[in-house]
Amino acid sequence: MKTLYKLYQLFIAVPLFIVWTVLISLTVIIGCTLGGGHWFGYYPGKAWGWLTLKLFLLPVKVEGRENLREGESYVFVSNHQGMFDIFLIFGHLGRQFKWMMKHQLRKMPFIGFACERSHQIFVDKRGASKIKKTYDEARHILQGGMSLCVFPEGARTFTGHMGLFRRGAFMLADELQLPVVPLTINGSFDVMPRMRDYRFVSWHPLTLTIHQPIRPETQGPENIKKMMNESYRQIMSALVPEYQGYVENPDQ
């Protein structure tokens, strides 16, 4: 079956994925350029994520959608197991949001320009002015009623285990007094770990767990620390036993 699955990827799934990615990217670029940024900045990406998982025949289970309120803005924070995290969250979270992503992704063919035109937020740490610009853009997005999705580890894991969280997303949530929603991803590391980027996909079920929102009780350093620690605890609690526990990520 493994050989058959690899042949399916090579001759069907991967060629269709490439064509689909280019078409979605062009749709986003043209749609956002013509002024439909709100719709084109989310729904084509949602379709891209959903169909990509279908193309690779990966079963998906989502738990906890009932924890989200209609019309409320959130700061979503998730563990970062692998490349397929993007498809899982985009395709199955069921809530409009903008990504915070590494500025290097701006250079990806088609995808980078589509992200730029749809006003995804590129995190650039090459100097104080660039860092300030990143947070100003994120603040503007949240103040406008949109949600934000962040990988607070800052990089994909090398082991399947979680590394440390950075404070940025929690500082924004504290400043604007918005709830933080932890997301736990299981299975993505088994599908394509970072060490096997752009190689064959391994078949494995994916699970997205949407936890209860953590609402700000106060404002300031103590609230930031509490939201960050509680998010970490909740995300860790829903990981499969194999990947429970902290392991240092040398890329952080």
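Heads up: the structure comes first, above all this text.
These numbers were taken from a predicted model, which means no experiment stands behind them.

Undergrad: Hey, could you run me through the overall build of the protein chain in this one?
TA: A tally of regular secondary structure across the protein chain gives nine helices and seven strands. For the protein chain, the spread of C-alpha atoms along the three principal axes comes to 55 × 50 × 40 Å. When each of the 252 residues of the protein chain is scored for burial, the buried share is 50%. Contacts spanning at least 24 positions in sequence make up 75% of the contacts within the protein chain whose residues lie at least 6 apart. Total accessible area on the protein chain stands at roughly 12600 Å², and carbon and sulfur atoms take up 62% of it. Distance between charge centres in the protein chain, computed from 29 positive and 20 negative side chains, equals 6 Å.

Undergrad: Could you clarify how one ought to interpret the nonpolar core in this entry?
TA: Nonpolar side chains in soluble globular proteins generally cluster together in the buried interior. By size, the foremost hydrophobic cluster in this structure holds 38 residues, and its most contacted members are Leu58, Phe84, Ile89 and Leu183. Mapped onto this core, the elements with two or more residues apiece are helix H1 (2-33), helix H3 (43-55), helix H4 (84-92), strand S3 (97-102), helix H5 (111-117), strand S6 (180-186) and strand S7 (206-210). In terms of residue count, H1 provides more of this core than any other element does, six residues in total. Aside from chain neighbours lying at most four places away, what touches Ile89 is Ser78, Phe97, Trp99, Cys149, Phe151, Leu183, Ile185 and Leu208. Ranked by size, the runner-up nonpolar core spans 26 residues in total, among them Leu172, Ala173, Met228 and Tyr232.

Undergrad: Please clarify how a nonpolar patch on the surface should be interpreted in this entry.
TA: On the surface, a cluster of nonpolar side chains totalling about 870 Å² of accessible area is made up of Met1, Leu4, Leu7, Leu10, Phe11, Ile12, Leu16 and Phe200. Along the chain, Leu16 falls in helix H1.

Undergrad: What is the right way to read the environment of Asn229 from this model?
TA: Along the chain, Asn229 falls in helix H9 (residues 221-237). Sequence separation of Asn229 and Phe158 is 71 residues, and the distance between their C-alpha atoms is 22 Å.

Undergrad: Explain the packing of H3 against H4 to me, please; I cannot follow it from the model alone.
TA: Geometry of a packed helix pair, given as the angle between the helix axes and the separation of the axes. Look at H3 against H4: their axes get within 7 Å of each other, and the N-to-C directions meet at 120°. What the angle tells us is that H3 and H4 run oblique. Crossing of H3 over H4 shows left-handed handedness. Here Gly45, Lys46, Trp48, Gly49, Trp50, Thr52 and Leu53 of H3 lie close against H4, whose contacting residues are Phe84, Ile86, Phe87, Leu88, Phe90, Gly91 and His92. Among the residues forming the contact of H3 with H4, the class breakdown is eight nonpolar, five polar and one charged.

Undergrad: Before we go on, may I ask you to explain the pattern of salt bridges in this structure?
TA: Side chains that differ in sign of charge can pair as their charged atoms come close. Taken as a whole and assessed by the stated rule, the structure comprises seven salt bridges. Salt bridges sharing common partners tie together Asp136, Arg139 and Glu175.

Quick notes on the rules
Residue numbers run consecutively from 1 along every chain, following the written order of its sequence. The predicted origin of the model limits local features to residues at a pLDDT of at least 70 and limits the giving and counting of side-chain atom pairs to 80 or more, whereas totals for whole chains, interfaces and linings rest on all residues. Neither water nor hydrogens contribute to the side-chain values; these are computed over all heavy atoms in the structure. Working definition: helices are DSSP H or I runs of at least four residues, strands are E runs of at least two. Numbering for both runs from the N terminus. Only protein chains enter the calculation, and the probe is 1.4 Å; a residue is then buried if its accessible area is under 20% of its type maximum, exposed if over 50%, and partly exposed in between. By definition in these notes, contact holds between two residues if any of their heavy atoms fall within 4.5 Å. Per-residue accessibility takes into account occlusion by the displayed protein chains alone, with areas from the Shrake-Rupley method and a 1.4 Å probe. We score Asp and Glu as negative and Lys and Arg as positive, and we do not count His or the chain ends. To locate a charge, the coordinates of NZ of Lys, CZ of Arg, CG of Asp or CD of Glu are taken. Put simply, buried Ala, Val, Leu, Ile, Met, Phe, Trp, Tyr and Cys residues joined by side-chain atoms within 4.5 Å make one nonpolar core. Note that patches include only residues with greater than 30% relative accessible area and no salt bridge, and the join distances are 9 Å for like charges and 5 Å for nonpolar side chains (Val, Leu, Ile, Met, Phe, Trp, Tyr). When a carboxyl oxygen of Asp or Glu lies within 4 Å of a side-chain nitrogen of Lys or Arg, that pair is called a salt bridge. Throughout, an axis means a line fitted to C-alpha atoms (over the contacting stretch in the case of helices), and angles, computed between N-to-C directions, take values from 0 to 180 degrees. Roughly parallel means an angle under 35 degrees; roughly antiparallel, over 145; roughly perpendicular, 65 to 115; everything else is oblique. Note: crossing handedness is left-handed where the near helix turns anticlockwise from the far helix by less than a right angle, and right-handed where it turns clockwise. For this scheme, ten residues count as nonpolar: Ala, Val, Leu, Ile, Met, Phe, Trp, Tyr, Cys and Pro. Four count as charged, namely Asp, Glu, Lys and Arg, and the remainder, Gly too, count as polar.

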